[in-house]
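Working through the structure, step by step
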Amino acid sequence: LPIPPDFYLALAIAAKLDPTLVIAVGSAGSIAGGITAFSLGRWMGGAAMVQRLIAPFKEQGEEFVNRFGVLSVILAALTPIPFSIVCVLAGMMGMAWRLFLPATLFRIPRIAGYYLLIHIGWTAATSL
């Protein structure tokens, strides 16, 4: 989705949902999105639609994936680098599934960490 998971985390915090459930579902959804993006890149990477979607990021993204390999997916999983775009490019460039899948699991600490940061900010803002 074009909306980052941080938005959904903020909504869940505002709604006072169970943190464990929010982190689990947020992580699972983000990992599933990465796998879907990878698959899209792998099987439809040559399609005009996919080429148009990633055109603004393709040159820099391919350079990033070529330079860092599976570490590019880990970095995108942990940072604000567009995770889905890196996953599409990893699929298009033929990254091995056995390397890609474990790298997506780095979304879990990212989601948990951002949840914590957003929660701290929300608590501070609402207690004023």
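One can find the structure itself at the top, above this paragraph.
Residues numbered from 1 in each chain as written. Predicted model: local features only at pLDDT ≥ 70, side-chain atom pairs only at ≥ 80, totals over all residues. Heavy atoms only, no water.

All right, on to the packing of helix 5 (residues 70–78) against helix 8 (residues 107–126) then. Two numbers describe how helix 5 lies on helix 8: the axes approach to 8 Å, and their chain directions differ by 20 degrees. Comparing their axes, helix 8 and helix 5 come out roughly parallel. The way helix 5 lies across helix 8 gives a crossing that is right-handed. Residues Ala76, Ala77 and Leu78 of helix 5 touch helix 8, and the partners they reach there are Arg107, Pro109, Arg110 and Tyr114. Residue classes in the contact of helix 5 with helix 8 are distributed as five nonpolar, no polar and two charged. (Axes fitted to C-alpha atoms, helices over the stretch in contact; angles between N-to-C directions. Helix = DSSP H or I, 4+ residues; strand = E, 2+ residues; numbered from the N terminus. Parallel < 35°, antiparallel > 145°, perpendicular 65-115°, else oblique. Left-handed = near helix turned anticlockwise from the far one by under 90°. Contact = heavy atoms within 4.5 Å. Nonpolar A, V, L, I, M, F, W, Y, C, P; charged D, E, K, R; others polar.)

Moving on to helix 7 (residues 97–104). Within the sequence span of helix 7, burial applies to Phe100, Ala103 and Thr104. Viewed along the axis of helix 7, the buried residues span an arc of 100 degrees, placing them on a single side of the element. Of the surrounding secondary structure, the elements contacted by the buried residues of helix 7 are helix 2 (19–44), helix 5, helix 6 (83–92) and helix 8. (Buried < 20%, exposed > 50% of the residue type's maximum accessible area, 1.4 Å probe, protein only. Arc of directions from axis to C-beta.)

Turning our eyes to something else, we now look at the nonpolar core. Ranked by internal contacts, the top residues of the largest apolar core, which has 20 residues, are Val73, Phe83, Val86, Ala90, Met95 and Phe100. Among the secondary structure elements, those contributing two or more residues to this core are helix 2, helix 3 (48–54), helix 4 (58–68), helix 5, helix 6 and helix 7. The dominant element in this core, judged by the number of residues it contributes, is helix 6, at seven residues. Counting six residues, the second-largest nonpolar core is a separate cluster that includes Ile13, Val22, Ile111 and Tyr115. (Core = buried A, V, L, I, M, F, W, Y, C linked by side-chain atoms within 4.5 Å.)

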